[in-house]
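# Summary of the model geometry
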Amino acid sequence: LPKITAGTAIVMEFVVSPVAYIKTILHAWKYPACAVNGLLLGKMVKGNLLVEDVVPLFHTHLNLTPMFDVALFQAEGHCKAKGLQVVGLYNANELNTENSPSPAAMKLASRIQADFSNAILWQVLNTRIVEHPDKIAIRLYTMAPAKHWEVQDQVGPFGTHDADAPKSFRYTEEKEVLERVENAISMYKYKKLVDWDDHCENCALSVFTEIEV
Amino acid sequence: TMTTLKELVATSATAGSSVRRHREVLEKTASECLRASDIVLSSGKKLVTEHAGSLGRSLWDTHERVLMAALDCGDFETADKTLATLRRKFGLTSQRVRRLEGMRLEAECDYAGALKIYKNVLEQDPADALTWKRTVVVLRDCGDSKAAIEELNDYLKVFAQDHEAWLELADMYIEEQEYNLAKFCFEELIMLQAPNYQFHLRYAELLFTIGGTQNLELARNYFAQALELKPGCLRALYGIVLVPILCPDCRFVRLLS
């Protein structure tokens, strides 16, 4: 179903699976001194976009493209097996005060959008990555008809796909998601997170490793 | 590196860990240039507070490392205590202590204060490379990347062999999407340290990013060179395979067909 935009009002839900959100935050937490980015994996469900999982990519030299291309190839293979698609990009900047997507991040997200018209961009808000989070630390951007990335008011709702549930989503409270983030950090779950750079250092590690959060 | 880090973390966390293990943590993180500030802080602090005698001549170096690790982790209590100890030992006029005071201000985001200290130190000793580089870092932290790049270029005119500085400059250029200028930095790095596979690898990735058939062909050469310098280098292998896929009219495909 195509996205219906009336002015800047978007008649489409962007549902976020808690696992996808938590993994994003853990990636940023694991490399506090670096910019990090990663792919968003998901699917359309009854005209709404569900982000089900993420693939952490880089924490060094995010703007260089060859490894990004390889990662895209591999992610697409992984997606086919799981019935998902690459639906967007998440990006965290190096400077604590930089809360807008970098030009390179927007470029990469636009590349993804060229293949998937409802692609989104998550910008991580660095100052909200704390040990005891009380606010959601990402900002959602969608592609406006004029071909620039436009910020949306809110991220979420949070939820997972459930074919039997009304609207096909089983929603999760924001509070619960934040608690799970706090738990994951305190239990050092981020040490188990593998990103593409880690995989290149040691190919026994896979970016598609599942983490229990 | 992943397994060693695991062992190091386990060591730091264990209450009964011996002095030797804590020293191992500090040595490994130093020799492998790991920024594992959490374990450096816990092991280092243990050593300087409870086993200072065992450190011998590296006592004060360890204090400095604990201070920097504490700043990295936001543990200002430990940082201030350590800074006070160093001040008492080396005096307020010590250049090295003053640089650490600057870093303490940086950690609090008091960039103006830090710059003041660094400028002062450089007035008295213009060849203090470490302090000069800290001014570059402060400018970068302020978000003034143009000034940081300019300052670092001035630094490199004097200290042209500092490969850490060339890497930092390349990093800044890549962030600004000035890939041709970043290329120049890596060319300098390859000249300085030709056997280092990482520079060939990044150079290849840069050429790839800039794009165009000729650049992609050259990138593949550098990926191959990186692979030769580091057998099994995964990034290089990916690069070698990727070029013919994305560039069907490159000479490697023509040679194969």
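Because the structure is predicted, anything quoted here is derived from the model rather than measured.

## Looking at the overall build of chain B
The number of helices and strands found in chain B is 15 helices and zero strands. Taking the principal axes of the C-alpha coordinates as reference, chain B spans close to 70 × 45 × 25 Å. The proportion of buried residues among the 257 residues of chain B is 44%. At a minimum sequence separation of 6, the contacts of chain B that also span at least 24 residues come to 45%. Within the structure as shown, chain B displays about 13,400 Å² of accessible surface, and the carbon and sulfur contribution to it stands at 54%. Here chain B carries 32 positive and 37 negative side-chain charges, and the mean point of each set is 5 Å from the other.

## Considering the packing of helix H11 (residues 179-192) of chain B against helix H12 (residues 197-210) of chain B
All names here are of chain B. Where H11 meets H12, the closest approach of the two axes is 9 Å, and the angle between their N-to-C directions is 160°. For the element pair H11 / H12, the angle class is roughly antiparallel. Where H11 crosses over H12, the two elements pack in a sense that is left-handed. Every residue of H12 that contacts H11 at Tyr179, Asn180, Ala182, Lys183, Phe186, Glu187, Leu189 and Ile190 is listed here: Phe199, His200, Arg202, Tyr203, Leu206, Leu207, Thr209 and Ile210.

## A closer look at the nonpolar core
One finds A:Tyr21, A:Leu39, A:Trp122 and A:Trp196 to be the most contacted residues of the largest nonpolar core, which totals 134 residues. Looking at this core element by element, the count peaks at eight residues for H12(B). Apart from residues lying up to four places away in sequence, A:Tyr21 is in contact with A:Val16, A:Trp122, A:Lys135, A:Ile136, A:Ala137, A:Ile138, A:Phe158, A:Val177, A:Leu178 and A:Val181.

## Looking at the environment of A:Gly88
Along the chain, A:Gly88 falls in strand S6 (residues 85-92). Taking the C-alpha atoms as reference points, A:Gly88 and A:Ala109, 21 residues apart in sequence, are found 6.2 Å from one another.

## As for the pairing of strand S4 (residues 36-45) of chain A
Residues and elements named next belong to chain A. Counting buried residues along S4, eight of its ten residues qualify, which places the element largely inside the surrounding structure. Where S4 meets S6, seven bridges bridge the pair, whose relative direction is antiparallel. Bridge assignment links leucine 39 to a residue of S6, and that residue is leucine 89.

## Description of the side chain of A:Lys23
Inspection of the secondary structure puts A:Lys23 in helix H1 (residues 18-30). For A:Lys23, the contacting residues outside a window of four places in its chain are A:Asp53, A:Val54, A:Leu193 and A:Thr209.

## Observations concerning the pattern of salt bridges
All told, the structure shown has 30 salt bridges over all chains when counted by the stated rule. The residue B:Asp38 makes a salt bridge to A:Lys191 at a minimum N-O spacing of 3.8 Å. Pair noted here: B:Asp38 is in helix H3 (residues 37-50) and A:Lys191 is in the loop between helix H4 (174-186) and helix H5 (196-201), and the two residues belong to different chains. Measuring nitrogen to oxygen at the nearest pair gives 2.7 Å for the salt bridge that ties B:Glu64 to B:Arg96. Of the two residues, B:Glu64 is situated in helix H4 (residues 59-73) and B:Arg96 in helix H6 (residues 95-107); the sequence distance between them amounts to 32 residues. Judged by relative accessible area, which is 12%, B:Glu64 ranks as buried.

## What to know about the confidence of the model for chain B
Residues and elements named next belong to chain B. Per-residue confidence for chain B averages 91 on the pLDDT scale, and 93% of its residues sit at or above 70. Confidence, expressed as mean pLDDT per element, reaches its minimum in chain B at helix H1 (residues 2-13) with 64 and its maximum at helix H9 (residues 145-158) with 97. Confidence estimates for the predicted assembly give a pTM of 0.90 and an ipTM of 0.89.

## Description of the pairing of strand S7 (residues 120-124) of chain A
Residues and elements named next belong to chain A. Counting buried positions along S7 gives five out of five residues, so the element sits mostly inside the fold. Residues of S7 alternate between two faces, with Ile120, Trp122 and Val124 on one and Leu121 and Gln123 on the opposite face, all of them buried. With four bridges connecting them, S6 and S7 associate as parallel partners. Its bridge partner being in S7, asparagine 91 is matched across the sheet by glutamine 123. Across five bridges, S7 lies against strand S8 (residues 138-143) in antiparallel orientation. Across the sheet, isoleucine 120 pairs through a bridge with threonine 142, a residue of S8.

## Details of the environment of A:Val155
Residues and elements named next belong to chain A. In this structure, valine 155 sits in the loop between strand S9 (149-151) and strand S10 (158-161). The spacing of valine 155 and tyrosine 141 is 14 residues in sequence and 9.1 Å in space, taken between C-alpha atoms. Residues within four places of valine 155 in sequence aside, it is in contact with Val16, Ile136, Ile138, Arg139 and Leu140.

## Considerations on a nonpolar patch on the surface
A surface patch of nonpolar side chains, amounting to about 360 Å² of accessible area, comprises A:Phe73, B:Val241, B:Ile245 and B:Leu246. No other element matches the three residues that helix H14 (residues 234-246) of chain B contributes to the nonpolar patch. Here B:Ile245 shows up in helix H14. When its relative accessible area of 48% is taken as the criterion, B:Ile245 is described as partly exposed.

## Focus on the side chain of B:His63
Residues and elements named next belong to chain B. Its place among the elements puts histidine 63 in helix H4. Histidine 63 gets classed as buried once you look at its relative accessible area, which sits at 8%. In this structure, histidine 63 is in contact with Val48, Thr82, Thr85 and Leu86, ignoring residues within four places of it in sequence.

## Here's the deal with the packing of helix H8 (residues 129-141) of chain B against helix H10 (residues 163-175) of chain B
Residue and element names in this part refer to chain B. In the contact formed by H8 and H10, the axes pass within 12 Å of each other and the chain directions differ by 15°. By the angle between their axes, H8 is roughly parallel relative to H10. Judged by the twist between their axes, the crossing of H8 over H10 is left-handed. Between H8 and H10, the contacting residues are Lys133, Val136 and Arg140 on the first element and Glu164, Glu168, Asp171, Met172 and Glu175 on the second. A per-class count over the contact of H8 with H10 returns two nonpolar, no polar and six charged.

## Quick notes on the interface of chain A and chain B
How big an interface is tends to be stated in terms of the accessible area lost upon association of its parts. Taken together, the contact between chain A and chain B spans 25 residues of the former and 26 residues of the latter. Across the chain A/chain B interface, buried area totals approximately 2,300 Å², and carbon plus sulfur atoms make up 61% of it. By the criterion of area lost to chain B, the three top residues of chain A are A:His61, A:Leu64 and A:Met67, representing 26% of everything that side buries. Joining chain A to chain B, the criterion identifies three salt bridges. Counting across the chain A and chain B interface gives eight residue pairs in polar contact (both at pLDDT 80 or more). Of all the elements in the fold, those that place two or more residues in the side of chain A that touches chain B are helix H2 (66-82), helix H3 (103-115) and H5 of chain A. When residues of the side of chain A that touches chain B are assigned to their parent elements, the largest contribution, six residues, is made by H2(A).

Calculation criteria
Residues numbered from 1 in each chain as written. Chains lettered and ligands numbered in written order. Predicted model: local features only at pLDDT ≥ 70, side-chain atom pairs only at ≥ 80, totals over all residues. Heavy atoms only, no water. Helix = DSSP H or I, 4+ residues; strand = E, 2+ residues; numbered from the N terminus. Buried < 20%, exposed > 50% of the residue type's maximum accessible area, 1.4 Å probe, protein only. Contact = heavy atoms within 4.5 Å. Areas by Shrake-Rupley, 256 points an atom, 1.4 Å probe, with all protein chains shown as cover. Lys, Arg positive; Asp, Glu negative; His and termini not counted. Charge placed at Lys NZ, Arg CZ, Asp CG, Glu CD. Axes fitted to C-alpha atoms, helices over the stretch in contact; angles between N-to-C directions. Parallel < 35°, antiparallel > 145°, perpendicular 65-115°, else oblique. Left-handed = near helix turned anticlockwise from the far one by under 90°. Core = buried A, V, L, I, M, F, W, Y, C linked by side-chain atoms within 4.5 Å. Pairing = 2+ DSSP bridges. Salt bridge = Lys/Arg side-chain N within 4 Å of Asp/Glu carboxyl O. pLDDT = per-residue confidence, 0-100. Patch = residues over 30% accessible without salt bridge, like charges linked within 9 Å, V, L, I, M, F, W, Y side chains within 5 Å. Nonpolar A, V, L, I, M, F, W, Y, C, P; charged D, E, K, R; others polar. Buried area = accessible area lost by both parts, 1.4 Å probe. Polar contact = N/O pair within 3.5 Å; in protein donor to acceptor, adjacent residues only side chain to side chain.

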